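Here are the chains, one letter per residue:
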Amino acid sequence: MKKKKEREKNTFFVEYLLPVLFPLLVLAFWQLLSNRQLINPVLLPSPSRILSAFESMLAGGDLARHMQMSGYRVISGFLLGSAGGLILGVFVGLFHKVDRATTVIVNILRPIPMIALIPLFIIWLGIDEASKIAVITVGSFWCVFMNTIYGVKSVDNKLIEIGYVLKKSRLEILLKIVLPSALPSIFAGIRLGAGNAWACVVAAEMIAASSGIGFLVMFAREISQTDIMMVGILMIGLFGLFIDYL
């Protein structure tokens, strides 16, 4: 009984306390080095200075405005990209001839990083919202598209044969057999696509934007305000973590 309680305490510490205590320890060590002037505050401001900048931006409404703009772009691009990836992924996964016909094009386009496409989208769509949403759309599309294809191809053929034996229509087989069986892969693609969409919006805003969290980081760099830049970087990480858990 005693050993069981000790194991439970150890499990609680490792699973719940350690993920919180270790980051706090890192922050405390960081603050200590900053207080002793062992870290150049211009290159890396102290946690207290970053917190002060965060509170100032939060009170002034600047941080909320930039996050709201980035959030709008992410949601718009992600919905378009994931919807397109799901529909085309199911289509390609179901029909072998379509899969073979598109395999070369897919394998050429998929490895191209989104940041390489930003200048092209700016030429095509201008520097307004359309180019940024297009980058996010393409960035989230591939994750959902590839995982949907994999999920559809992984469906047990025996289940599909049973559906035909029971004289179910193709639509019923798709909705009641194929899609439910492929859901784990589809949701994995959606999770990856959401994270990729957030990364894409930051990259797009760093190159061509007048608002958004990516613009905030680049503007702070230009005026050498590293505390504000660190606030933007930390918000990118925290919001990415939130998206992943969501």
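Summary of the structure given here. Everything numeric here is computed off the predicted structure, so don't read it as measured data.

**A word on the packing of helix H3 (residues 62-94) against helix H6 (residues 129-153)**
To describe two helices that pack against each other, one gives the angle between their axes and the distance between the axes.
In step 1: Relative to each other, H3 and H6 sit at 35 degrees, their axes nearing to 6 Å. The two elements H3 and H6 cross, and the hand of that crossing is right-handed.
In step 2: Residues belonging to the contact of H3 with H6 are distributed by class as follows: 17 nonpolar, eleven polar and four charged.

**So, a nonpolar patch on the surface**
In step 1: Side chains of Leu 17, Val 20, Leu 21, Leu 24 and Leu 27 sit close together on the surface and give an oily, nonpolar patch of about 410 Å² of accessible area.
In step 2: Secondary-structure assignment places Leu 27 in helix H1 (residues 2-35).

**Comments concerning the nonpolar core**
In step 1: If you look at the biggest cluster of nonpolar residues, it comprises 41 residues, and the most contacted ones within it are Leu 63, Val 135, Phe 145, Trp 198, Ile 213 and Val 231.
In step 2: Contributing elements (two or more residues each) for this core: helix H2 (47-60), H3, helix H5 (114-125), H6, helix H8 (170-207), helix H9 (213-222) and helix H10 (226-245).
In step 3: Considering every element that reaches this core, the biggest residue donor is H8, with eight residues.
In step 4: Among all residues touching Leu 63, those that are not within four sequence positions of it are Phe 54, Met 57, Leu 58, Ile 213, Leu 216, Val 231 and Met 235.
In step 5: With eight residues, the next largest nonpolar core counts Val 155, Ile 177, Val 178 and Ala 182 among its residues.

**So, the environment of Leu 18**
In step 1: As for its placement among the helices and strands, Leu 18 is situated in helix H1.
In step 2: Sequence-wise, Leu 18 and Ile 233 are 215 residues apart; in three dimensions their C-alpha atoms are separated by 24 Å.

**A short note on the pattern of salt bridges**
In step 1: Scanning the entire structure with this criterion turns up five salt bridges.
In step 2: Between Arg 49 and Asp 227 there is a salt bridge; the shortest N-O distance is 3.8 Å. One end of the pair, Arg 49, is in helix H2; the other, Asp 227, is in helix H10, with 178 residues separating them in the sequence.
In step 3: What makes Asp 227 buried here is its relative accessible area of 14%.
In step 4: Here the salt bridges do not stand alone but share partners, grouping Arg 73, Glu 129 and Glu 205 into one network.

Reading the values: rules and limits
Residues numbered from 1 in each chain as written. Predicted model: local features only at pLDDT ≥ 70, side-chain atom pairs only at ≥ 80, totals over all residues. Heavy atoms only, no water. Axes fitted to C-alpha atoms, helices over the stretch in contact; angles between N-to-C directions. Helix = DSSP H or I, 4+ residues; strand = E, 2+ residues; numbered from the N terminus. Left-handed = near helix turned anticlockwise from the far one by under 90°. Nonpolar A, V, L, I, M, F, W, Y, C, P; charged D, E, K, R; others polar. Patch = residues over 30% accessible without salt bridge, like charges linked within 9 Å, V, L, I, M, F, W, Y side chains within 5 Å. Areas by Shrake-Rupley, 256 points an atom, 1.4 Å probe, with all protein chains shown as cover. Salt bridge = Lys/Arg side-chain N within 4 Å of Asp/Glu carboxyl O. Core = buried A, V, L, I, M, F, W, Y, C linked by side-chain atoms within 4.5 Å. Buried < 20%, exposed > 50% of the residue type's maximum accessible area, 1.4 Å probe, protein only. Contact = heavy atoms within 4.5 Å.

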